[in-house]
Amino acid sequence: MINNYLKIAWRILVRQKLFSLINIFGLVIGMVACLLIVQYISFELSYDKFHQNAGNIYRIKHQSYSQGNLIENLPKTYSAVGPALKAEFPEVQEETRVSKLAGQVTTRQAGGNIIVFNEQHLYAVEASFLKLFSFPMVEGTAAALNNPNTVVITQSTAKKYFPNQSAVGKTLRIQQQVSGTDITATVTGICKNVPANSHLQFDFLVSQNMQTGDWVYPDFYTYIQLSPNTNHQTFEAKLPSFIKKYSNSSDKIKNSSFTLGKTNIANIKFSLQPLKDIHLYSNLTDEISTAGNGNMVWYLGLIAVLILVIAYINYVNLSTAKVIERAKEVGIRKVLGSQRLQLIIQFLFESMLLNIISIAIAVFVVILAMPWFSTLCGVQMQFTLWMDYAFLFGFIGCLALGIMLSAFYPALILSNYKPVQILKGKFQNTGQSLSLRKSLVVFQFAATIAFMIGTLVVYMQVNYMKNANKGMDMKQTLIVVAPQNVRANDADAINFMHRDSVFQTEILRNPRVQGVTSSSNIPGETINYIMSYTRPMQDKGIRLPTLEIGSKFLDQFKVKVIAGNDFSTAPQSGKSLMMLNEAAVVSLGFKNAQDAVGKIIQTKNGRGRIFENEIVGVIKNFHQTSLKEGFTPTVFRLIDPSNVTHYELKINSANMPATLAQINKTYKGVFSDAAFDYFFLDEFFDQQYKTEQHFGKVFSLFSGFAVFVACLGLFGLTLITITQRIKEIGIRKILGASISSILLLIAKDFVGLILIANAIALPLAYWGGHQWLQNYKFRIDFSIWFFILPMLSVFIIALTTISFQTVKAAVANPVKSLRSE
């Protein structure tokens, strides 16, 4: 019996080639979209879950308040917090601290060759790091970091520095000028390359003796592991009293602060971030790696569901529309003794066969498309859903539901009719059937229009952030990484100052270099140097990012000075000179920019010595970081050559290879022992929008899928409508109807449905787009064109789809369609 059902199902599939292809093609696109998006969601949700104790690991979140206002929202805190928590609370089984240590790494090969690179993924850690986290070791054990000045590297790093030889036991010299790091570390272990789904992305783990730490600067990413039975919310509720205890009873803490006046770490709030939530739900300043966006992931999940639903709507619509053509077949079956259940089973087998073919093709397409899709999403992932039993059961359940729903309705419609009515030709589509079909078409196009509006909003916002006036000119700016050699003593510092001057002088001899300056941080970087500034006669200071810049920095980047002077024209007063941006003027409580000029601001060093600084000018706000955030209140100082991290070169873009080769030659001529690294500032700055750019591309792709599937269904419904009304069209032609009137006859019902879809989609799309844009401090305004363009596009695409088949039927010879009459 089953064999018979399958044979008939296959014959029906082959006999109705066009509609079978439309159904299969629509389902394949829906399933491919769903599988790709679900794989991406699965990957994003898998971040850091591979650690053995992932469910019990938390990161300390650090928030600072001034006069009730949040001024710092950090993923890192004081170096003393981790050890203090472990000593204070028995619930804390382990703690570890991590500090970013990007710098220069050098090794000397056996033959005397020197290998030197500037490395970004380099962390300073303590011995407990490999005990708390589960990064598999290839050589060595979790105890590899027990001794200071040891380093664990990844497999790819081992091949990079020690090709064709064992790296264990070899030495690496690691230098970073800003932190004063200059150590020779012994390689004591090699771990597997860090999985792509880890928020900790490193090539080097350098063990350093951090001791008990201090309460001065919040510079350490601190992780704790709680005991399995500990409720993290209950533990978090104990942190305010922990802060109060240490702020009120520890003279050591009070005396170690760099801030002026009374130290008050009671204005600090600690909270716990679950390790598994860091990647998607952490929007903090100076994250250790690029974070994802949980909202975007779930938006894509909604798209996946809707595209699959649209595909099944096509199938249901086409199946119900084809009911009339199957009516006589069902009537004859019932006359010959077929029961209602047998008819339902037959339709189920037809649906099951079509779905099985579709899923087989879809899986094949997904496997082929996965490398391309991974690149589009900006992540490294493979198709691993088939290994997830929860997904398999869920997907099979959804597939079974789709088969049941898409088969039962047509089967019930036909099996309810009496065979005599069917064979006499009295069978017609019921009003209920037509209402359902129209409702499904409205749903399809409402979702499609909403997708198109969403795509336009995402595209315009990303385009706005990339092209908006950032308050400075970044065009044709080449960034050259300054040498990281530590200037450990006065002689080293004097030597570097001389070479710094020589490099900037020599580089300007290149006719393709129009300007050069330097800084401690470049635009697109979070400023890590935070100092506390206090106005005279005030008790409490305020911590502000401090950017050191060269004397030509403002001119080269065309940053406007709105009050006072810049450093090159300011009169010398014997005091240290500083400038503020507009946001810092507000933070320090000045009435306006002009009011700040000439005022004295005090700072204090670690020895308690007070320094006076004169504000010589105020500059217009510019975007140091992404437009997702507000303007950063910033203090500007003239750079100490010892703190130079980058050179900014304004270059002529003509003949770029020759320009870069000449710059490299000049750089190596001055800094022969340093690695030459460069990049373009505009490209670096735009990397902050990488998540939004990938989301926009993926959103656009699947919105296109939704439009295509919806139009595919519209094409099928139009074809069925014309087939069922072909004799009516023939009679109308004989009576003198024009092609345009026939087109209007067929199109008017569909156009009405699309108008209803627009009325539903527009407010929903506006609400969704408005909610998404609230994530951005600087954002676009909604324009009427966001709605008009998708509406017009859908109308044009729909009318083109309808017109193709309608005109073809209208120009056909009416004699052929009426011959059977």
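Residues numbered from 1 in each chain as written. Predicted model: local features only at pLDDT ≥ 70, side-chain atom pairs only at ≥ 80, totals over all residues. Heavy atoms only, no water.

A. Focus on the overall build of the protein chain. In terms of regular secondary structure, the protein chain is built from 26 helices and 24 strands. Expressed as a percentage of the 821 residues in the protein chain, the buried residues total 52%. Taking all contacts inside the protein chain whose residues are at least 6 apart in sequence as the whole, residues at least 24 apart take part in 80%. Counting every atom, the protein chain has about 37600 Å² of accessible surface; 57% of that belongs to carbon and sulfur. (Helix = DSSP H or I, 4+ residues; strand = E, 2+ residues; numbered from the N terminus. Buried < 20%, exposed > 50% of the residue type's maximum accessible area, 1.4 Å probe, protein only. Contact = heavy atoms within 4.5 Å. Areas by Shrake-Rupley, 256 points an atom, 1.4 Å probe, with all protein chains shown as cover.)

B. Summary view of the side chain of Glu 95. Of note, Glu 95 is situated in strand E3 (residues 92–100). Glu 95 has contacts with Gly 82, Pro 83, Lys 86, Glu 126, Ser 128, Leu 132, Tyr 223 and Ile 224, leaving out every residue within four places of it along the chain.

C. Structural view of a nonpolar patch on the surface. Among the surface-exposed residues, Ile 361, Phe 364, Val 365 and Leu 368 lie close enough to one another that they form a single nonpolar patch of about 370 Å² accessible area. Secondary-structure assignment places Val 365 in helix H12 (residues 340–377). (Patch = residues over 30% accessible without salt bridge, like charges linked within 9 Å, V, L, I, M, F, W, Y side chains within 5 Å. Salt bridge = Lys/Arg side-chain N within 4 Å of Asp/Glu carboxyl O.)

D. Layout of the packing of helix H22 (residues 690–724) against helix H25 (residues 785–810). Where H22 contacts H25, the axes come no closer than 9 Å and their chain directions differ by 25 degrees. Classified by the interaxial angle, the pair formed by H22 and H25 is roughly parallel. Every pair of crossing elements has a handedness; the one defined by H22 and H25 is right-handed. Taken together, the residues of H25 that come into contact with H22 (itself represented by Val 707, Cys 711, Leu 714, Phe 715, Thr 718, Leu 719 and Ile 722) are Ile 797, Ala 798, Thr 801, Ile 802, Phe 804, Gln 805, Thr 806 and Ala 809. Looking at side-chain class alone, the contact of H22 with H25 contains eleven nonpolar, four polar and no charged residues. (Axes fitted to C-alpha atoms, helices over the stretch in contact; angles between N-to-C directions. Parallel < 35°, antiparallel > 145°, perpendicular 65-115°, else oblique. Left-handed = near helix turned anticlockwise from the far one by under 90°. Nonpolar A, V, L, I, M, F, W, Y, C, P; charged D, E, K, R; others polar.)

E. Summary view of the nonpolar core. Counting residues in each nonpolar core, the largest one holds 132 residues, and the members touching the most others are Phe 373 and Phe 702. Residue contributions to this core peak at 17 residues, all from H22. Excluding residues that lie within four positions of it along the chain, Phe 702 makes contacts with Ala 33, Leu 36, Ile 37, Ile 303, Ile 307 and Phe 373. With 23 residues, the next largest nonpolar core counts Ala 54, Leu 130, Ala 144 and Val 152 among its residues. (Core = buried A, V, L, I, M, F, W, Y, C linked by side-chain atoms within 4.5 Å.)

F. Expanded view of the side chain of Ser 358. Relative to the elements of secondary structure, Ser 358 occurs in helix H12. The class for Ser 358 is buried, based on a relative accessible area of 0%. Beyond its immediate chain neighbours, meaning those up to four positions away, Ser 358 contacts Ile 24, Leu 27, Val 28 and Met 31.

G. Expanded view of the pattern of salt bridges. As enumerated under the stated definition, the model contains 17 salt bridges in all. In this structure, Glu 72 and Arg 543 form a salt bridge, with 3.4 Å as the shortest nitrogen-oxygen distance. In this pair, Glu 72 sits in strand E2 (residues 69–74) while Arg 543 sits in strand E17 (residues 542–549), placing the two residues 471 residues apart along the sequence. Taking the relative accessible area as the measure of exposure, Glu 72 reaches 9% and is therefore buried.

H. Main features of the confidence of the model for the protein chain. Within the protein chain, residue pLDDT values average 84, and 89% of them lie at 70 or more. Model confidence for the protein chain, summarised as mean pLDDT per element, is weakest for helix H8 (residues 251–256) at 41 and strongest for strand E12 (residues 221–226) at 96. In the model, residues 250–264 has pLDDT below 50 throughout and makes 30 contacts with residues more than four positions away in sequence or in other chains. (pLDDT = per-residue confidence, 0-100.)

I. Here's a closer look at the pairing of strand E23 (residues 646–651). A large share of E23 lies buried, amounting to six of its six residues. The alternating pattern of E23 places His 646, Glu 648 and Lys 650 and Tyr 647, Leu 649 and Ile 651 on opposite faces, both of which are buried. Note: strand E14 (residues 477–481) against E23, five bridges, orientation antiparallel. Within E23, the residue paired with Leu 478 across the bridge is Leu 649. (Pairing = 2+ DSSP bridges.)

J. Representation of the packing of aromatic side chains within the structure. Summed over the entire model, instances satisfying the criterion amount to 40 aromatic pairs. Pairing Phe 373 with Phe 702 gives two aromatic rings, centres 5.9 Å apart and planes at 70 degrees, and the pair type is edge-to-face. With Phe 373 in helix H12 and Phe 702 in helix H22, this pair connects stretches of sequence that are 329 residues apart. A residue is classified by how much of its surface remains accessible, and Phe 373, at 1% relative accessible area, is buried. Overall, Phe 702 belongs to the buried group, its relative accessible area being 0%. Their ring planes at 50 degrees and their centres at 4.8 Å tell us that Tyr 766 and Phe 782 sit as a pair that is tilted. (Phe/Tyr/Trp six-rings, centres within 6.5 Å; stacked < 30°, edge-to-face > 60°.)

K. Quick peek at the environment of Phe 129. Relative to the helices and strands, Phe 129 resides in helix H4 (residues 129–132). Residues within four places of Phe 129 in sequence aside, it is in contact with Thr 96, Val 98, Phe 135, Leu 200, Phe 202 and Leu 205.

L. Summary view of unusual backbone geometry. A positive phi angle is found at Asp 48, which is not glycine, with a value near 65 degrees. Within the secondary structure, Asp 48 sits in the loop between helix H2 (17–45) and strand E1 (57–66). For Asp 48, a relative accessible area of 0% puts it in the buried group. Unusually for a residue other than glycine, Asp 286 sits at a positive phi of about 65 degrees. Tracing the chain through its elements places Asp 286 in the loop between helix H9 (278–281) and helix H10 (294–321). What makes Asp 286 buried here is its relative accessible area of 9%.

M. The pairing of strand E22 (residues 635–638), seen in detail. Sheet analysis places E17 next to E22, joined by four bridges and oriented parallel. What sits directly across from Ile 549, in E22, is Leu 638. Pairing geometry for strand E19 (residues 576–581) and E22, over two bridges, is antiparallel. Bridging from a neighbouring strand, Leu 580 pairs with Val 635 of E22.

N. Inspection of the packing of helix H23 (residues 726–734) against helix H24 (residues 739–773) at higher detail. Closest axis-to-axis distance for the H23/H24 pair is 10 Å, and the angle between their directions is 150 degrees. By the angle class used here, H23 and H24 are roughly antiparallel. In the crossing of H23 with H24, the sense of the turn from one axis to the other is right-handed. Facing H23, whose interface residues are Glu 728, Ile 729, Arg 732 and Lys 733, H24 presents Ile 742, Leu 745 and Ile 746. Considering only residue class, the contact of H23 with H24 consists of four nonpolar, no polar and three charged.

O. Spatial organisation of the environment of Ile 479. You can see Ile 479 is positioned in strand E14. Sequence separation between Ile 479 and Ile 522 is 43 residues, and the spatial gap between their C-alpha atoms is 8.5 Å. Excluding residues that lie within four positions of it along the chain, Ile 479 makes contacts with Ile 522, His 646, Tyr 647, Glu 648, Asp 677, Tyr 678, Phe 679 and Leu 681.

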